[in-house]
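Chain residues, written in single-letter form:
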Amino acid sequence: MNTATRQPVLFIGHGSPMNAIERNVWSEAFRALGAGLDKPRAVLAISAHWFLPGSWVTAQPAPVTIHDFSGFPPQLHAVRYPAPGDPALAAAIAGASAGQIRTTTEWGLDHGSWSVLCHLFPDADVPVVQLSIDQRATPAQHARLGALLAPLRDQGVLILGSGNIVHNLGHAFRAWRAGERATPDWATDFDAAMAEGLRGADRVASVVTALDRPDAALAHPTPEHFLPLIYAAAASDAGDEVDFPIEGFDMASLSMRSVRFRPCPAA
């Protein structure tokens, strides 16, 4: 295996959809992260915002840009991310899953994907397929499915999970409206525990069991923003270097930590 062609795995804390159009510390960090990537053959995105019964992968040649939000300015609704799809890749992913993943043309790229991809690959010239998150599956089942995706890395496919390591939107909006900036202990503790676990020898187990922690109910009132991290960790391997190219909190409690799993350089 030539590690020069093996793609990394990324998990990105995407935060507010406004990061797609604003120039701020987060969008600049996304741009810097993208600038350091070797251009992949394609991207497989796992977004927190496609959470439904079943595992589906988009299979149309030109996926639509989905504006799955409300209450934001017209400029954000006007954004289009016209990356091509890759029906052949989608079919291969489904075919390798022993029936666990099916193809569909009834979705596209939601903001969990395009609000990040527009900075990583601003020319929209890398094909993208998106995988749904099965809301019926357990964390362990998500991990097993993520591990099935790992061989795609050697085929030039960048695996991208998009969510947030801490995501309590109710708290974040209350803090934002009140002008509060202090990050509560439950958010810093959960975020730090995930970072420690991801650096450890059993990173997959650390994220599979994370939602059983006492502070998980506050860190994740609902699980969908955490689950893409399980896919990313499961698609990594023991030989990967792990680092955190982006760290910090937005809106007091929204963790913007991003995780990069990349092949160790050849000795």
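This text follows the structure it describes.
Residues numbered from 1 in each chain as written. Predicted model: local features only at pLDDT ≥ 70, side-chain atom pairs only at ≥ 80, totals over all residues. Heavy atoms only, no water.

**A short note on the overall build of the chain**
Put simply, the rule reads: Per the convention used, a helix needs a DSSP run of H or I reaching at least four residues, while a strand needs a run of E reaching at least two, with both numbered from the N terminus. Two things to know: the radius of gyration comes from C-alpha atoms, and the globule rule equals 2.2 Å times the number of residues to the power 0.38. For every residue, the accessible area obtained with a 1.4 Å probe (protein chains only) is divided by the maximum for its type, and the residue is called buried under 20%, exposed over 50%, and partly exposed between those limits.
Along the chain, the regular secondary structure elements total 10 helices and 10 strands. Relative to a compact globule of 267 residues, whose C-alpha radius of gyration would be 18 Å, the chain shows 17 Å and is just as compact. Reported as C-alpha extents along the three principal axes, the dimensions of the chain are approximately 50 × 45 × 40 Å. Relative to its full complement of 267 residues, the chain shows a buried share of 56%.

**A closer look at the pairing of strand E5 (residues 128–134)**
The test is simple: Here, any two strands with at least 2 DSSP bridges between them count as paired.
In terms of residue burial, E5 counts as a mostly covered element, since 7 of its 7 residues are buried. Residues Val128, Gln130, Ser132 and Asp134 point to one face of E5 and Val129, Leu131 and Ile133 to the other, with burial holding for every one of them. Of the pairings in the sheet, the one linking strand E2 (residues 42–52) to E5 comprises 6 bridges and is parallel in character. Looking at the pairing, Phe51 lines up with Ile133 of E5.

**A short note on the pattern of salt bridges**
So the rule is basically this: Take a side-chain nitrogen of Lys or Arg and a carboxyl oxygen of Asp or Glu: if they are within 4 Å of each other, that pair is a salt bridge.
Evaluation of the coordinates by the stated rule reveals 13 salt bridges. The partner of Arg23 in a salt bridge is Glu28, with the nearest N and O atoms 3.0 Å apart. You can call Arg23 exposed: its relative accessible area is 76%. A salt bridge links Asp243 to Arg260; its shortest N-O distance comes to 2.6 Å. Note that Asp243 is positioned in strand E7 (residues 240–246) and Arg260 in strand E10 (residues 258–263), a separation of 17 residues in sequence. Side by side, Asp243 and Arg260 carry an identical accessibility label, which is buried. It is possible to trace a salt-bridge network through shared partners that takes in Glu241, Asp243, Arg260 and Arg262.

**Section: helix H6 (residues 169–178)**
Heads up, the rule is: Summarising the geometry, the arc corresponds to the directions from the helix axis toward the C-beta atoms. Here, residues are in contact when the closest pair of their heavy atoms is within 4.5 Å.
Within H6, the full set of buried residues consists of His171, Ala172 and Ala175. Each buried residue of H6 lies within a common arc of 100 degrees when the element is viewed along its axis, so the set occupies one face. Opposite its buried face, H6 presents the exposed residues Arg174 and Arg177, each directed more than 90 degrees away. Buried residues along H6 sit in contact with helix H7 (185–199). One or two steps after H6, the chain reaches Gly179, where phi turns positive at roughly 75 degrees.

**Quick look at the packing of aromatic side chains**
Note the threshold: When the centres of two rings from Phe, Tyr and Trp lie within 6.5 Å, Trp using its six-membered ring, the rings pair. Their planes under 30 degrees apart give stacked, over 60 give edge-to-face, and anything left gives tilted. Whether a charge sits over a ring depends on NZ of Lys or CZ of Arg being within 6 Å of the ring centre and within 35 degrees of the ring normal.
Considering all chains together, one arrives at 5 aromatic pairs under this definition. The interplanar angle of 10 degrees and the centroid separation of 5.4 Å between the aromatic rings of Trp50 and Trp107 together place this pair among those described as stacked. Here Trp107 lies in the loop between strand E4 (101–104) and helix H4 (111–120) and Trp50 lies in strand E2, a separation of 57 residues in the sequence. Joined through ring pairs, the aromatic side chains of Phe69, Phe72 and Trp114 make up one cluster. Here the guanidinium or amino end of Arg257 rests over the ring plane of Phe244, the centre of that ring lying 4.8 Å away.

**Considering the nonpolar core**
Short version of the rule: The criterion is simple. A nonpolar core is a set of buried Ala, Val, Leu, Ile, Met, Phe, Trp, Tyr and Cys residues joined through side-chain atoms within 4.5 Å.
Counting residues in hydrophobic clusters, the biggest one holds 47 residues, and the most contacted among them are Leu44, Ile93, Leu149 and Phe190. With 8 residues, the top contributor of residues to this core is helix H10 (residues 227–235). In contact with Leu44, not counting residues within four places along its chain, are Ile93, Val129, Leu131, Leu149, Leu152, Val157, Leu158, Ile159 and Leu160. With 30 residues, the next largest nonpolar core counts Val79, Leu117, Leu160 and Ile246 among its residues.

**Some words on the environment of Ala92**
Its location among the elements puts Ala92 in helix H3 (residues 87–95). Accessibility expressed as a relative area gives 43% for Ala92, which makes it partly exposed. Each C-alpha atom, one on Ala92 and one on Gly71, is 38 Å from the other, the two residues being 21 residues apart in sequence.

**A look at unusual backbone geometry**
The phi dihedral of Ala124 falls on the positive side, at around 50 degrees, and the residue is not glycine. On the accessibility criterion, Ala124 (9% relative accessible area) is buried. If you check the backbone angles, Ala252 has positive phi at about 75 degrees while not being a glycine. Its location among the elements puts Ala252 in the loop between strand E8 (249–250) and strand E9 (254–255). When its relative accessible area of 6% is taken as the criterion, Ala252 is described as buried.

**Quick word on the environment of Ile165**
In this structure, Ile165 sits in the loop between strand E6 (157–163) and H6. Using a relative accessible area of 0% as the deciding quantity, one classes Ile165 as buried. Spatially, the C-alpha atoms of Ile165 and His225 are 7.1 Å apart, while their sequence positions differ by 60 residues. Ignoring sequence-local partners within four residues, the contact set of Ile165 consists of Phe11, Phe190, Asp191, Met194, His220, Phe226, Leu229, Ser255, Arg257 and Val259.

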